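# Coordinate inspection notes
These are the residues of each chain, in order.
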Amino acid sequence: MFAFIINRILQAIPVMLAVALISFAMFAYVGDPVAIMLGQDFTEAQRDALVHDLGLDQPFWVQFATFTGHAIRGEFGLSYRLSRPVAELIGERAPATLELAFCAAVLALAVGVPMGVYTGLYRNSWLSRFFLTFSLVGVSLPTFLIGILLILVFAVWLGWLPSFGRGDTVQLGWWSTGFLTWSGIKALILPSITLGLFQLTLIMRLVRAEMLEVLRTDYIKFARARGLPNRAVHFGHALKNTLVPVITIVGLQLGAIIAFAIVTETVFQWPGMGLLFIQSVGVADIPVMSAYLLLIALVFVSINLIVDLLYYAVDPRLRIGRGKGGH
Amino acid sequence: MSNTAPLLQVKNLRVEFPTRRGTLVALDDVSFDIAPGEVLGVVGESGAGKSMTGAAIIGLLEPPGRIARGEILFAGKRIDNLRYEQMRRLRGKEIGAIFQDPLTTLNPLYTVGHQLVETITTHLPLNPAEARKRAIEWLEHVGIPAAAQRIDSYPHEFSGGMRQRVVIALALCAEPKLIVADEPTTALDVSIQAQVIALLKTLAREKGTAMMLVTHDMGVIAETADRVAVMYAGRIAEIGPVREVVKHANHPYSAGLMASIPPLDRRVERLAQIDGAMPRLSAIPQGCAYNPRCPQVFGKCRELRPDLLDAVTTRAACWLYDTETARG
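Residues numbered from 1 in each chain as written. Chains lettered and ligands numbered in written order. Predicted model: local features only at pLDDT ≥ 70, side-chain atom pairs only at ≥ 80, totals over all residues. Heavy atoms only, no water.

Scanning all chains against the criterion turns up zero disulfides over all chains. Note on Cys 318 of chain B: no disulfide assigned, nearest cysteine sulfur contributed by Cys 294 of chain B at a separation of 6.1 Å. (Disulfide = S-S within 2.5 Å.)

If you want it as structure tokens, here you go:
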């Protein structure tokens, strides 16, 4: 088990290095930071001094090594746009994105899984058909459209919920949370639905398909033939067997929720990492962009590791080193 | 046998599958009894309705299949029209089932102990600790070595034969009065088959459990069953004591089936076979379903379907045994 984790972490290193290389390369190919930092009027001497200060006159590999070394320590330099350390900027924005992603993921799971189980068990019922039609909407409508529609209905027409921002937040150390104030919670509702709806419908359809598959298996038939109550058959035997593919997809989708909250954050002017990223793209604020890229890669790599560990928890066939069968 | 009340009575059972292209009749007019402690073998080609009969008895017909006519009585009470929940209480407790493939009948994510304990506690008034003790006893009973240690193993840690033993323990652990065993040895190695059949036979005898043994292995039937029912195209072609059916089958189909068992005592150039194939459910010929393949076919066979008729040693659905029919 321990060896497995070490092995996975070692495998993750080349991935992270490759991403680091890409985010480093952005500095060289996207815009000229020197020109951006100097502004309109400068002398040749000022320019050379800046190039030297920034270490841009050194060979590529030395620059990359320096960059990687700094990145490991969480140093990504100053934002061109805001002239503040990138790590600090991301640190400020991360709680907003993580809270939003958490709410969206909880919503997607807490609603998507039961809906999937229900539509799998009662596939011909009226409600199942309704859920399936509804899920088509969720899968096919683009996120920005859903967000704008929700704003139109709940913020503009009904006036129940705010249309933008996080509401009031409470500072817990470096973490700013919206969970502790009423306006913070209200502000979370629309963005969470917008961000989570696609995942919700995806999870629902996946769980449904897996349930239909599993309910046809011999061990479910045998569980029924043993006279087990429906609850035990459906939730004990059937649902657990759908979990491996569901965990895989949910893991990847959770990464996607964090990484691609950009659209939702833009629509709701949510002060998270995604909004920071999109604003940085607008002015070619490369330190922020490259740090964001690395962070997202790290999120995906970590989630994949957790997903692999969950497989072990769910499926005994993957565990090795236990007593061998009488073959 | 005639003086004991039957444990299971199947009367004129008809199972239909409504499809878009009309209704398919999977079973028609199937009637038989099983006495307490008796082993009834059910044989026939694939698709003859053997497994379907078993599924109808345990109340687990795959939808849209449904019982359209007839009755199933267990210990004198009708069970074919019970609600799901009432039938569930009978399953496992009164009527156990064993399926064909032990590799797929056990849930891979739970230990065999978990699956045994949940079955025992569902049906018997035992607490989990007692149920676990009972589970270990059952594993010992079905011949799992070191049962106390193996109880916490997962199904994939057992071989096929061992898994079928676990399945048998699961089917018997609430001590049902009837076991529906649907081809319990088909998926096993030949060398294991005999062991599993012997085990089933011993346990059934010990506990006085009746058994409906579905198989297409005539050897298994000859060794295990008291009586045998031969099925063809959703109907019973012949039913009678195993010795009579195997040695002196009366229905031309059963005779053909028995003749196709290769003899061990002499070399044959060509194995005997019945020409043609069993008709599909959607294209069952008029009259006797076997008439296109029957070597003794005559006029009436092509017009009317025979019911089970008295053929002295057995009962056969064949016009040859109709006293009013002149042989053609």
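Having seen the structure, we can now continue with the description.
Moving on, we come to the UniProt feature "transmembrane region" (unreviewed entry) in chain A. Residue and element names in this part refer to chain A. According to UniProt, the positions carrying the feature "transmembrane region" (unreviewed entry) are residues 12-30, 98-118, 130-160, 180-203, 243-263 and 291-314. Spanning residues 98-118, this segment combines 100% helix with 0% strand, and its end C-alpha atoms are found 30 Å apart. Structurally, residues 130-160 comprises 84% helix and 0% strand, and the distance from its first C-alpha atom to its last is 26 Å. (UniProt positions renumbered as here; feature names shortened; annotations may be inferred. Helix = DSSP H or I, 4+ residues; strand = E, 2+ residues; numbered from the N terminus.)

Once that is clear, we can look at the pattern of salt bridges. Residues and elements named next belong to chain B. Throughout the structure, instances matching the rule amount to 22 salt bridges over all chains. Its salt-bridge partner being Arg 78, residue Asp 80 comes within 2.7 Å of it at the nearest N-O pair. Beyond isolated ion pairs, a larger network of salt bridges with shared partners links Arg 14, Glu 16, Asp 28, Arg 66, Arg 235 and Arg 305. (Salt bridge = Lys/Arg side-chain N within 4 Å of Asp/Glu carboxyl O.)

With 26 residues of chain A at the contact, the number on the chain B side is 33 residues. Buried surface at the junction of chain A and chain B, summed over both partners, amounts to about 2700 Å²; 56% is from carbon and sulfur atoms. The largest per-residue losses of area from chain A upon contact with chain B belong to Phe 222, Ala 225 and Arg 226 of chain A, which jointly make up 24% of the total buried on that side. Applying the counting criterion to the chain A and chain B interface returns one salt bridge. Between Glu 118 of chain B and Arg 226 of chain A there is a salt bridge, with its nearest N and O atoms 3.4 Å apart. Put simply, chain A and chain B have 15 residue pairs in polar contact (both at pLDDT 80 or more) between them. For the side of chain A that touches chain B, the secondary structure elements donating two or more residues are helix H9 (218-225) and helix H10 (230-259) of chain A. Considering each element in turn, the side of chain A that touches chain B owes the most residues, six residues, to H9 of chain A. Of the residues contributing to the side of chain A that touches chain B, the split by class is seven nonpolar, nine polar and ten charged. (Contact = heavy atoms within 4.5 Å. Buried area = accessible area lost by both parts, 1.4 Å probe. Polar contact = N/O pair within 3.5 Å; in protein donor to acceptor, adjacent residues only side chain to side chain. Nonpolar A, V, L, I, M, F, W, Y, C, P; charged D, E, K, R; others polar.)

Right, let's talk about empty space enclosed by the protein for a bit. Residue and element names in this part refer to chain B. Using the criterion set out here, one finds four cavities of 30 Å³ or more in the structure. Taken as a whole, the largest cavity holds about 130 Å³ of empty space. As for the largest cavity, its lining consists of Tyr 232, Ala 233, Arg 235, Ile 236, Ala 237, His 251, Cys 288, Ala 289, Tyr 290, Arg 305, Pro 306 and Ala 317. Grouping the amino acids of the lining of the largest cavity by side-chain chemistry returns nine nonpolar, one polar and two charged. (1 Å grid on protein atoms, 1.4 Å probe; cavity = no way out; pocket = protein on both sides within 12 Å on 5 of 7 lines; lining within 4 Å. Points joined across faces, edges and corners; volume = space filled by probe spheres on them.)

So, about the UniProt feature "domain: ABC transmembrane type-1" (unreviewed entry) in chain A. Under the present numbering, the feature "domain: ABC transmembrane type-1" (unreviewed entry) in UniProt falls on residues 94-311 of chain A. Secondary structure content for residues 94-311 of chain A is 79% helix and 3% strand, and the end C-alpha separation is 28 Å.

Moving on to the UniProt feature "domain: ABC transporter" (unreviewed entry) in chain B. Mapped onto the present numbering, the UniProt feature "domain: ABC transporter" (unreviewed entry) falls at residues 8-258 of chain B. Between the end C-alpha atoms of residues 8-258 of chain B there is a gap of 27 Å, over a span that is 40% helix and 27% strand.

So, about the sheet that holds strand S2 (residues 22-34) of chain B. All names here are of chain B. Ordered in space as S2-S1-S4-S5, the four strands form an open sheet in which the pairing is antiparallel. The open sheet is flanked by S2 and strand S5 (77-78), the only strands paired with a single partner. Where strand S1 (residues 8-19) lies against S2, nine bridges are found, and the strand directions are antiparallel. Following the sheet pairing, Thr 19 is matched in S2 by Gly 22. (Pairing = 2+ DSSP bridges.)

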